[in-house]
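So you can see what is in the structure, the chains are spelled out below.
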Amino acid sequence: MISAAILNSAYRNARDADVRERILLITRVRLDKNEASGVAEKEFHRSRWWAYKWLKRFDNAGLKGLGNRHRSGRPPEVSDETSAIIRKELSENQSGWMAKEVMNLIYERTGVKYHEVHIYRLLHRWGFSPKVPRMKFVNAASQQDKNKFRKRQEG
C-alpha cells in the first residue's frame, strides 16, 4: 500500500498532465476507497476500462507504471542501409532534386512507392532543405528584392 504523502509528492512533481490525472485516479480509488468505475466516469469522464488499465499498471509497476510507454510505430519499409545509400547519392548532386525524382529514385532502388508528401518528410529528416524559393517568401519580399531576383534570372 502506498502512502498519501508519496502520491501527493508524485502529483506535485509530475510534469505530464496525463500522469497527474492517473495519480489522481489512484488516490481516489486506493486511498479514498471509491469505486474505480464511478471515479472514472463521474470525475474524469473516462471509461471503466481506462481506470482498470491504469490501476493494473500501478499495481504491477508502481508510480513508474503510470507513465506512457514507448510505441515503436510502423517499421520503415526501406532499411537504414539502403536509405543511407540513397541519402549519399542525393547529397552528391549539387543541383538539387525534385520530390518526384527522389520518389522515383527510391522506387527504382527498393521497389517501395512513397507518397510525395512523405518524400518531403524524408528529405527533411535527412537534413535536406528546399532549393526553390516558396511563394510565401516571394510574396513577403519587397518590390526591390523582386526586381533584383528578376534581373538575375534574365541575365
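Residues numbered from 1 in each chain as written. Predicted model: local features only at pLDDT ≥ 70, side-chain atom pairs only at ≥ 80, totals over all residues. Heavy atoms only, no water.

A. Expanded view of the environment of I23. On the secondary structure map, I23 appears in helix α2 (residues 17-31). Looking at I23, the relative accessible area reads 3%, which means it is buried. When the C-alpha positions of I23 and K146 are compared, they lie 58 Å apart, and in sequence the two are 123 residues distant. Not counting chain neighbours up to four residues away, the residues in contact with I23 comprise L7, A10, Y11, A14, L63 and L66. (Helix = DSSP H or I, 4+ residues; strand = E, 2+ residues; numbered from the N terminus. Buried < 20%, exposed > 50% of the residue type's maximum accessible area, 1.4 Å probe, protein only. Contact = heavy atoms within 4.5 Å.)

B. Main features of helix α5 (residues 80-92). Between its first and last C-alpha atoms α5 spans 18 Å; for 13 residues at 1.5 Å apiece the expected length is 18 Å, and the two agree. Among all positions in α5, only S83, I86 and L90 are buried. Taken end-on, α5 shows its buried residues confined to a sector of 60°, consistent with a single buried face. Among the exposed residues of α5, those oriented more than 90 degrees off its buried face are E81, I85, K88 and E92. Considering only its buried residues, α5 is in contact with α6 (99-110) and α7 (116-125). (Expected span 1.5 Å × (residues − 1). Arc of directions from axis to C-beta.)

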